[in-house]
Amino acid sequence: RCAMDWQVLTRELSLYLEHQVRVGLFGSGVGLSLVLGFGVAYACYYLSSIAKKPQLVASNDRFCRFLEEYCPVVTETYYPTIWCWEGRVQTLLRPFITSRPQVQYRNELIKTADGGQISLDWFDNNDSLYYPDASTRPTVLLLPGLTGTSKESYILHMIHQSETLGYRCVVFNNRGIAGEDLLTPRTYCAANTEDLEAVIHHVHSLHPSAPFMAAGVSMGGMLLLNYLGKTGRDTPLMAAAIFSAGWNVFESVESLEKPLNWLLFNYYLTTCLQSSISRHRQMLEKLFDMDLVMKARTVREFDKQFTSVMFGYRSIDDYYEDASPCRKLKSVGIPVLCLNSVDDVFSPGHAIPVETAKQNANVALVLTSCGGHIGFLEGIWPRKCTYMDRVFKQFVQAIFEHGNKIFSM
């Protein structure tokens with residue numbers, strides 16, 4: 001397969017370069033030879049070192065066979081975009097390159113036990129041809145990342161994929177992040193699952209006969225994993241898909257504090273966190289020194305001054321330990337597929353709990369060598385669909401249409 005890909009790539013490159021010579025771009029056979037030689041060398045390197053099959057980690061043979069048959073994308077070679085395969089580049093470019101499908105939401109605000117409110121954005125898919133009966137239409141709960149909402153491009157793409165399959169989606173926006181007011185001085189964190197539990201119970205109560213699963217991205221995936229580790233099999237969810245989760249928060253923040261990563265990601269993410277709470281300053285000043293919080297220059301400093309204090313942890317280390325999904329993976333009681341790239345600076349490859357995953361028959365890890373954080377770009381100009389989108393679509397469809405074949409695990 002690699003040999004065939006190399007031949008096709010080389011032939012196309014040669015034809016293109018010969019055309020350029022004819023129009024006088026290079027002007028000499030020497031220039032053509034140099035460029036062609038470089039192109040062939042780059043193609044060889046790409047096909048031998050970059051384009052690889054993902055590593056599938058799963059201890060349950062039945063789960064593996066299920067994925068190979070109904071979610072084959074996890075066993076196929078992943079070809080990252082040839083001109084931006086490096087993890088940091090993929091992470092930075094995805095929000096700007098990928099398209100933003102148009103989605104019309106129906107917003108719902110639900111009350112919480114402590115007097116707060118949560119904003120849910122529904123995509124009902126009432127025009128579904130495959131599931132015209134709304135009471136039994138499969139439902140996917142989507143959890144965005146740390147400061148993400150239903151407007152993120154990766155969420156819009158998941159909804160677009162679900163729409164083509166006839167499914168309904170609902171996006172769980174964390175408190176105070178999607179334009180709604182904070183009614184209490186409380187936001188959210190990766191460890192506290194109370195709001196997620198309330199949302200899952202609410203959605204299931206509205207459609208008790210509908211197949212129900214969830215997908216979480218980045219911090220949304222961490223929150224979902226922590227919920228599943230807490231509830232085991234006692235959940236209305238059939239299965240879950242996790243994308244680019246940070247498995248060990250200590251390792252994640254250490255990676256993000258390296259000079260280049262701080263410059264590219266950490267400082268910006270910290271300002272996003274500060275921006276997300278600045279609108280609620282009057283409410284939050286009742287409990288926090290907001291001037292001190294707004295001086296944070298890293299995610300760790302923000303969590304130390306704000307997040308860990310809000311949720312009653314004695315120290316930031318206690319919070320990070322509780323927020324790390326790797327500690328709860330053994331207790332997950334439903335089928336879960338987790339996609340990570342080993343070059344993700346938000347979730348370093350060495351911190352992915354491969355050995356722990358092998359101890360739980362409900363868990364499958366899919367590890368790519370490239371892809372970055374919520375990147376997974378593929379194709380020459382990756383606007384419409386990423387590898388992550390294809391994994392999501394195939395796994396969700398596999399669960400809703402063939403899931404009975406693994407639920408007897």
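Computed from a predicted structure; not experimentally measured. (Residues numbered from 1 in each chain as written. Predicted model: local features only at pLDDT ≥ 70, side-chain atom pairs only at ≥ 80, totals over all residues. Heavy atoms only, no water.)

Q: Got a minute to help me understand the overall build of the protein chain in this structure?
A: The number of helices and strands found in the protein chain is 15 helices and nine strands. What you see for the protein chain is a C-alpha radius of gyration of 23 Å, in line with the 22 Å of a compact globule of 409 residues. Seen through its C-alpha atoms, the protein chain measures out along the principal axes to roughly 75 × 50 × 40 Å. A sequence separation of at least 24 residues applies to 77% of the contacts in the protein chain between residues at least 6 apart. Accessible surface, the protein chain as shown: approximately 17,900 Å² in total, 55% of it carbon and sulfur. Side chains of the protein chain carry 37 positive and 40 negative charges; the gap between the two charge centres is 2 Å. (Helix = DSSP H or I, 4+ residues; strand = E, 2+ residues; numbered from the N terminus. Rg over C-alpha atoms; globule rule 2.2 N^0.38 Å. Contact = heavy atoms within 4.5 Å. Areas by Shrake-Rupley, 256 points an atom, 1.4 Å probe, with all protein chains shown as cover. Lys, Arg positive; Asp, Glu negative; His and termini not counted. Charge placed at Lys NZ, Arg CZ, Asp CG, Glu CD.)

Q: It is not clear to me how the nonpolar core should be interpreted in this structure. Could you clarify?
A: Across soluble globular proteins, nonpolar side chains have a tendency to be buried as a group. With 68 residues, the main nonpolar core has Leu141, Leu224 and Leu365 as its most contacted residues. No other element matches helix α7 (residues 219-231), which puts seven residues into this core. If you count residues domain by domain, this core takes at least three from each of domain 1 (50-248 + 325-407) and domain 2 (249-323). For Leu141, the residues in contact, after removing those within four places along its chain, are Val170, Phe172, Leu196, Val199, Ile200, Phe212, Met213, Ala214 and Ala215. The next biggest cluster of nonpolar side chains, apart from the first, holds 50 residues, and it includes Leu47, Ile50, Cys71 and Phe392. (Core = buried A, V, L, I, M, F, W, Y, C linked by side-chain atoms within 4.5 Å. Buried < 20%, exposed > 50% of the residue type's maximum accessible area, 1.4 Å probe, protein only. Domains from an automatic or database assignment.)

Q: Just checking my understanding: could you explain the pairing of strand β5 (residues 168-173) for this structure?
A: Working note: regular strand, side chains alternate between the two faces of the sheet. Here β5 lies mainly inside the structure; six of its six residues are buried. In β5, alternate side chains face the same way, and those of Arg168, Val170 and Phe172 on one face and Cys169, Val171 and Asn173 on the other are all buried. As judged from the four bridges shared by strand β4 (residues 139-143) and β5, these two strands associate in the parallel manner. Among the inter-strand pairings, Leu142 is bridged to a residue of β5, identified as Val171. For the handedness criterion, the β-α-β arrangement of β4, helix α5 (residues 153-165) and β5 is classed as right-handed. (Pairing = 2+ DSSP bridges. Right-handed = clockwise from strand over helix to strand, strands pointing away.)

Q: Which parts of the structure should I look at to understand the domain arrangement of the protein chain?
A: Where the parts come together, the accessible area they lose is often given as the size of the interface. Split by domain assignment, the protein chain resolves into domain 1 (50-248 + 325-407) and domain 2 (249-323). Summarising the inter-unit geometry, the C-alpha centres of domain 1 and domain 2 are found 24 Å apart. Listed per partner, the contact involves 35 residues of domain 1 and 30 residues of domain 2. Summed over both partners, the interface of domain 1 with domain 2 buries about 2,600 Å², with 64% contributed by carbon and sulfur atoms. (Buried area = accessible area lost by both parts, 1.4 Å probe.)

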